Amino acid sequence: MTTDTLTRPDIRRFATLGRADHGWLDARHHFSFASYHDPARMGWGAIRVWNDDAIAGGSGFPPHPHRDMEIITYVRSGAISHEDSLGNRGRTAAGDVQVMSAGSGVRHAEFNAEAETTTLFQIWIEPTTRGGQPSWGAKPFPKGERAGQWVTLASGFPDDADALTIRAEARVMAATLARAATLTHVVGAGRHAYLVPATGALSINGDRVEARDGVALAEGSYTIEALDDAEIVLVDAA
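It should be emphasised that the depicted structure is a prediction, and the values quoted were computed from it without experimental measurement.

Visitor: Now, about the pairing of strand β4 (residues 47-55): what can you tell me, with residues and values included?
Guide: Extensive coverage of β4 is indicated by the burial of seven of its nine residues. Examined bridge by bridge, strand β3 (residues 25-29) and β4 share five bridges and lie antiparallel to one another. When the bridges of β4 are listed, Arg28 appears paired with Asp52. By the bridge criterion, eight bridges tie β4 to strand β11 (residues 118-125) in an arrangement that is antiparallel. Residue pairing for β11: Ile47 is matched across the bridge by Ile125.

Below is the structure:
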């Protein structure tokens, strides 16, 4: 099969993403968010938000409300500390994941209590049904277990028993690839996948993708090759 017959990824270069620099927070927006609005980037299927945040040490988001959204935080470096109106408290470190099902409504705060800057991806997925009791959870996912393979971090499918639970027909997956290693991902009919390399450059069906570029994947099969050692996060959703 030649490159011309392969499904082509829709690459959203890092330099083209929306940006909000608040001093303590430097945020890049893959999709329309807050003051950044692009009618061509309102989301991808049920994936509504993918923010690439750098949060200065000793700062963070004060308590604020959410409802009817599945919010997944993938910490790339440093750590984030969580508090919410349900009484949950926790610290999520680099490589680990926390999820919050906002359900019928919850207030939460996310704070970088560390001395160094914390970097993370914050991903919002629209839930399958609205309302319900809010919930929060966090779990470590050792990067060594992701070497050369996908590991499901959060899922709305009961077969993914080792993943954190979300209320959406979606999977949040991650992998680490050594240079020249490959993985595949098939996006089924009616599904939408979005991929971001946290580190390292990739080739996806022959198209080069740099670290922190976003890649929207429509129905089809994709071969992902690491051009450098790479850390990859992918969401597959309705």
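Anyway, onward from the coordinates.
Visitor: Would you mind going over the sheet that holds strand β2 (residues 18-21) in detail, with residue names and values included?
Guide: Read from one edge to the other, the open sheet built from seven strands follows the order β2-β3-β4-β11-β6-β9-β12, with strand pairing classed as antiparallel. Here the strands that pair on one side only, and so sit at the sheet edges, are β2 and β12 (135-139). Ignoring strand direction, the axes of neighbouring strands in this sheet form an average angle of 15°.

Cut-off values and rules
- Residues numbered from 1 in each chain as written.
- Predicted model: local features only at pLDDT ≥ 70, side-chain atom pairs only at ≥ 80, totals over all residues.
- Heavy atoms only, no water.
- Buried < 20%, exposed > 50% of the residue type's maximum accessible area, 1.4 Å probe, protein only.
- Helix = DSSP H or I, 4+ residues; strand = E, 2+ residues; numbered from the N terminus.
- Pairing = 2+ DSSP bridges.
- Axes fitted to C-alpha atoms, helices over the stretch in contact; angles between N-to-C directions.

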